[in-house]
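# Observations on the model geometry
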Amino acid sequence: MGAVVDLDRLLDQRQVWRGRQVQTRPVGLQPTGHATLDERLPEGGWPAAALSELLLASPGCGELQLLWPSLARLTGEGGRVVLVAPPFIPYAPAWQSAGVDLRWLVQVDAEAQDALWAAEQCLRSGSCAAVLCWPQRADDRALRRLQVAAETGQALAIACRPQQAAHNPSPAALRIAIDTQPAQWRVLKCRGGLPPAVPIGRG
């Protein structure tokens, strides 16, 4: 008759391979508010405390419709949202009807050459839930500074840039192209997994 084996002892000594635990899908810390998009992103939403890039066919092509559910949630929780040098004057009634609490919305006017610096300072301050900027030109070094500032201030950093920027590498944790014809989102890069192969239709 064989010897009695103490299974717990073998497990403690790592002499038995247990296999991998089944990983459940994480609940996003920063959901986008768009269920189909959240299902396709590895983190279940926006990467927390990180830089995300929205690559636009043209300014005003749908970036606010993508962002409004998140911004409404953040301002509803008393989080400050800062817009740095937006290309258009924000139309307050539209923001309000999207659920954004205007008491927590701040606009910073800055010249083009100062916009990235202003966004970085807001992110580093630790007093903002999200900072949005629309830089026309941003090199890898400038984007990396935004990424580090987002980590430091534990804030969402959103850079809205022209779609041509997709040809250049970026330190952003998430890159989404917003197309107008057809109206869709294409995830080009996402931290923690492969981007979805199929574009996501905009509702």
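Preceding this paragraph is the structure being described.
Residues numbered from 1 in each chain as written. Predicted model: local features only at pLDDT ≥ 70, side-chain atom pairs only at ≥ 80, totals over all residues. Heavy atoms only, no water.

## Considering the sheet that holds strand β1 (residues 51-56)
The sheet built from eight strands is open, its strands ordered β3-β2-β4-β5-β1-β6-β7-β8 with mixed pairing. The open sheet has two free edges, formed respectively by β3 (105-108) and β8 (200-201), since each of these has just one partner strand. (Pairing = 2+ DSSP bridges. Helix = DSSP H or I, 4+ residues; strand = E, 2+ residues; numbered from the N terminus.)

## A short note on helix α5 (residues 112-124)
An α-helical turn contains 3.6 residues, so a residue and the one three or four places further along point in the same direction. Buried within α5 are the following residues: Ala115, Leu116, Ala118, Ala119, Glu120, Cys122 and Leu123. Positioned one or two residues after α5, Gly126 has a phi angle of 80°, which is positive. (Buried < 20%, exposed > 50% of the residue type's maximum accessible area, 1.4 Å probe, protein only.)

## Brief notes about the side chain of Ser70
For Ser70, the position within the fold is in helix α3 (residues 63-76). Beyond its immediate sequence surroundings of up to four residues, Ser70 is in contact with Pro31, Thr32 and Trp46. (Contact = heavy atoms within 4.5 Å.)

## Regarding the pattern of salt bridges
With the rule as written, the count across this model stands at eight salt bridges. Between Asp101 and Arg103 there is a salt bridge, with the nearest N and O atoms lying 2.6 Å from each other. On the basis of relative accessibility, which here comes to 18%, the residue Asp101 falls in the buried class. Taking relative accessible area as the criterion, Arg103 reaches 71% and is therefore assigned exposed. Here the salt bridges share partners, and the residues they tie into one network are Glu53, Arg161 and Arg175. (Salt bridge = Lys/Arg side-chain N within 4 Å of Asp/Glu carboxyl O.)

## Brief notes about the packing of aromatic side chains
Tallied over the entire structure, the rule returns one aromatic pair. Taken together, a centroid distance of 5.7 Å and an interplanar angle of 80° make the contact between Trp68 and Trp95 edge-to-face. Here Trp68 is found in helix α3, whereas its partner Trp95 is found in helix α4 (residues 92-97), with 27 residues between them in sequence. Each member of the pair, Trp68 as well as Trp95, is classed as buried. (Phe/Tyr/Trp six-rings, centres within 6.5 Å; stacked < 30°, edge-to-face > 60°.)

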